[in-house]
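Single-letter residue listing:
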Amino acid sequence: SQRLCDIDNWIYITAVQLCNKSSFWRGFFDNNNVRIHLDLVESGLETIIKQIALLSVGGLSIGKTRSYPTINKGEFIGHYPNDVYFSWGREDAKKISLTNEHIENILVSGFPFSATKKPSDNESVSIEKKLKSKNTKFNVLLLDSNYSQNDGLEQLIGRSTMIRYYQLFLDWVIEDEDIGLIIKPKKSELLLGLPEIITQFEKVKKKTGRCYLVKNSFQKLPSSYLKGVDMVVGTGAFFPSSIIECAINGTKGIIYDYSNLRYYEADLYSWGENKVIFPDFDVMISTLKAYKNDPSTNPHLGDWSTNKVEMDPFRDNKGGERIGTYMRWLLESFDKGKTREETIENANKLFAESWGMDKIIDMGYNKFL
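Residues numbered from 1 in each chain as written. Predicted model: local features only at pLDDT ≥ 70, side-chain atom pairs only at ≥ 80, totals over all residues. Heavy atoms only, no water.

Asker: Is there a simple way to explain the pattern of salt bridges in this structure?
Answerer: Side chains that differ in charge, positive against negative, can pair when their charged atoms come close. Considering all chains together, one arrives at 19 salt bridges under this definition. Linking Lys132 and Glu128 is a salt bridge whose minimum nitrogen-to-oxygen distance equals 3.8 Å. On the criterion of helical spacing, the pair formed by Lys132 and Glu128 is a turn pair, its members being four residues apart in helix H4 (residues 120–133). The exposed category is assigned to Lys132, whose relative accessible area is 58%. (Salt bridge = Lys/Arg side-chain N within 4 Å of Asp/Glu carboxyl O. Helix = DSSP H or I, 4+ residues; strand = E, 2+ residues; numbered from the N terminus. Buried < 20%, exposed > 50% of the residue type's maximum accessible area, 1.4 Å probe, protein only.)

Structure follows, in structure tokens:
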């Protein structure tokens, strides 16, 4: 039939494209003697094609946690087609191991991005000084996420919800002279897409002098803006890794769980509901205001301290150094003519000897199950 012919034709064209792209990347890796590839791109067909090419030349790929995972099989399907994966701690390692069973080597490196000695440090110090000059007593770092009208296949936080999210915090600055607010958008253009919020922000800033916006915020770490901050508030259609990042760095933080992740984050909800994660936005706001006036109303609000070891056992901002050391060990083995399997085995052994056997996640024994 014509339908079968169309399907056969699509398979043929797709197969040819796959071969051509794999051949391109194989040639690139081979001609440049690339055997280790650390890709900032987490997903997509191109990452899979590159992995096929790497395997064909005896190379390997490395991934690391950027978007904090949830225990939801299929949510990140096609992500991380890697041979070696670095997690911040055992918490995200556990989730990655259960949702990406193809990854054979998961190692705990700690948070891999250093929040110190960045250009944003000066900006953060400036904001802290301005807040102190206004004698604020409770400063909030407000983080947002991607939003949309949700009129297509991709569903994010609704635009109207994001507007209200901002509005209530800006209103709080007007209502309470003790409040200082730092707004750090995920991407500056996201906030620019909410002109009503920009207008309200400018009015609040002019009237109170206690409201600050991190400009050109893309790829600036939220943890760079923790100086003088009493509480970090974040949200997202997925689990907001920014809150975990800030909690690792010692600041209290709470999540508005727009997507209702209760089923997937049962452990977190068992100890953290209405303490660190809130399924109801109005409850979160009222709880936060009550806490500001009297911390004894919810003494554990935003407190992740009992879970810090699981989130990052190191908490020293040297995760990137550990990953770099591991990569050097890989290169040394490749230079000695070792196979990719021997290279990984040797690097894993050295990593365990340096930072502990518990930092190597043994996939064979299903320790998390």
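Next, the rest of the story.
Asker: Which parts of the structure should I look at to understand the nonpolar core?
Answerer: As a rule of thumb, soluble globular proteins bury nonpolar side chains together. Formed by 34 residues in total, the largest nonpolar core has its most connected members in Phe169, Leu181, Val233, Met284 and Leu288. The set of elements that each furnish at least two residues to this core consists of strand E5 (138–143), helix H5 (159–175), strand E8 (179–184), helix H6 (188–192), helix H7 (195–208), strand E10 (231–235), strand E11 (253–256) and helix H10 (281–293). Top element by residues in this core is H5. It accounts for eight residues. Aside from chain neighbours lying at most four places away, what touches Leu288 is Phe138, Phe169, Trp172, Met231, Val233, Ile254 and Leu301. By size, the runner-up hydrophobic cluster in this structure holds 29 residues, among which are Tyr68, Ile127, Tyr212 and Ile244. (Core = buried A, V, L, I, M, F, W, Y, C linked by side-chain atoms within 4.5 Å. Contact = heavy atoms within 4.5 Å.)

Asker: Hey, could you run me through a nonpolar patch on the surface in this one?
Answerer: The grouping of Leu18, Leu45, Ile48 and Ile52 at the surface amounts to a nonpolar patch, some 360 Å² of accessible area in total. At three residues, helix H2 (residues 45–56) tops the list of elements feeding residues into the nonpolar patch. Mapped onto the elements, Ile48 comes out in helix H2. Residue classification places Ile48 among the partly exposed positions, given a relative accessible area of 33%. (Patch = residues over 30% accessible without salt bridge, like charges linked within 9 Å, V, L, I, M, F, W, Y side chains within 5 Å. Areas by Shrake-Rupley, 256 points an atom, 1.4 Å probe, with all protein chains shown as cover.)

Asker: Just checking my understanding: could you explain the sheet that holds E8 for this structure?
Answerer: One key point about sheets: their strands pair by backbone hydrogen bonds, in either a parallel or an antiparallel sense. Ordered by their spatial adjacency, six strands build an open sheet running E9-E8-E5-E10-E11-E12, and the pairing between neighbours is parallel. Bordering the open sheet on either side are strand E9 (211–213) and strand E12 (277–278), each of which pairs with just one other strand. Across six bridges, E5 lies against E8 in parallel orientation. Across the sheet, the residue bridging to Val140 is Leu181, located in E8. Lying on the sheet, helix H8 (residues 241–248) is in contact with E5, E10 and E11; it crosses E10 at an angle near 160 degrees. Where H10 meets the sheet, its contacts fall on E5, E8, E10, E11 and E12, and the angle it forms with E11 comes to roughly 160 degrees. (Pairing = 2+ DSSP bridges. Axes fitted to C-alpha atoms, helices over the stretch in contact; angles between N-to-C directions.)

Asker: Explain the side chain of Gln200 to me, please; I cannot follow it from the model alone.
Answerer: Summarising the element assignment, Gln200 is placed in helix H7. With relative accessibility at 17%, the residue Gln200 sits in the buried group. Reaching out from Gln200, the side chain makes a polar contact with the side chain of Asp171 at a distance of 2.9 Å. When sequence neighbours within four positions are dropped, the list of residues in contact with Gln200 reads Gln167, Leu170 and Asp171. (Polar contact = N/O pair within 3.5 Å; in protein donor to acceptor, adjacent residues only side chain to side chain.)

Asker: Would you mind showing me how to read the confidence of the model for the protein chain here?
Answerer: Regions with low pLDDT should not have their predicted coordinates read in detail. A residue-level look at the protein chain finds 94% of positions with pLDDT of 70 or above and a mean pLDDT of 91. A low-confidence stretch, residues 364–369 stays under pLDDT 50, and its non-local contacts, those more than four residues away or across chains, total seven contacts. (pLDDT = per-residue confidence, 0-100.)

Asker: When you look at the packing of aromatic side chains in this model, what are you seeing that I'm missing?
Answerer: The description of an aromatic ring pair rests on the distance of the ring centres and on the angle between the ring planes. Scanning the model with the defined rule gives 24 aromatic pairs in all. Relative to Tyr264, the ring of Tyr263 has its centre 5.1 Å away and its plane inclined at 85 degrees; by these criteria the two rings are edge-to-face. Site record: aromatic cluster; members linked through ring pairs are Phe138, Tyr165, Tyr166, Phe169, Trp172, Tyr256, Tyr258, Phe281 and Tyr291. Lying across the ring of Phe239, Lys95 places its NZ or CZ 4.9 Å from the centre. A cation over a ring is seen here: Arg322 above Phe314, with NZ or CZ 3.6 Å from the ring centre. (Phe/Tyr/Trp six-rings, centres within 6.5 Å; stacked < 30°, edge-to-face > 60°. Lys NZ or Arg CZ within 6 Å of the ring centre and 35° of its normal.)

Asker: What is the right way to look at the side chain of Thr343 in this model?
Answerer: Within the fold, Thr343 resides in helix H13 (residues 340–355). Excluding its chain neighbours within four sequence positions, the residues that come into contact with Thr343 are Leu330, Ser333, Phe334 and Lys338.

Asker: Whenever I open this one, the environment of Tyr225 confuses me. Can you help?
Answerer: Looking at where Tyr225 falls in the secondary structure, it is placed in the loop between E9 and E10. The spatial distance from the C-alpha of Tyr225 to the C-alpha of Glu128 is 8.8 Å, given a sequence separation of 97 residues.

Asker: Where do I start with the sheet that holds strand E13 (residues 360–361) in this structure?
Answerer: Spatially, the five strands line up as an open sheet ordered E1-E2-E3-E4-E13, and their pairing is mixed. Both outer strands of the open sheet, strand E1 (36–38) and E13, are each paired with one neighbouring strand and no more. Two elements, strand E2 (residues 60–64) and strand E3 (residues 84–87), share three bridges in a ladder whose sense is parallel. Across the sheet, residue Lys64 finds its bridge partner in E3, namely Phe86. Packed on one face of the sheet, helix H3 (residues 90–99) meets E3, strand E4 (105–108) and E13 and runs near 165 degrees to E4.

Asker: Can you walk me through the pairing of E3 in this structure?
Answerer: Of the two faces of E3, the one lined by Val84 and Phe86 and the one lined by Tyr85 and Ser87 are each fully buried. Taken together, the four bridges between E3 and E4 define a ladder with parallel strand orientation. Within E4, the residue paired with Val84 across the bridge is Asn105. Assessed by its sense of winding, the connection that carries the chain from E3 through H3 to E4 is right-handed. (Right-handed = clockwise from strand over helix to strand, strands pointing away.)

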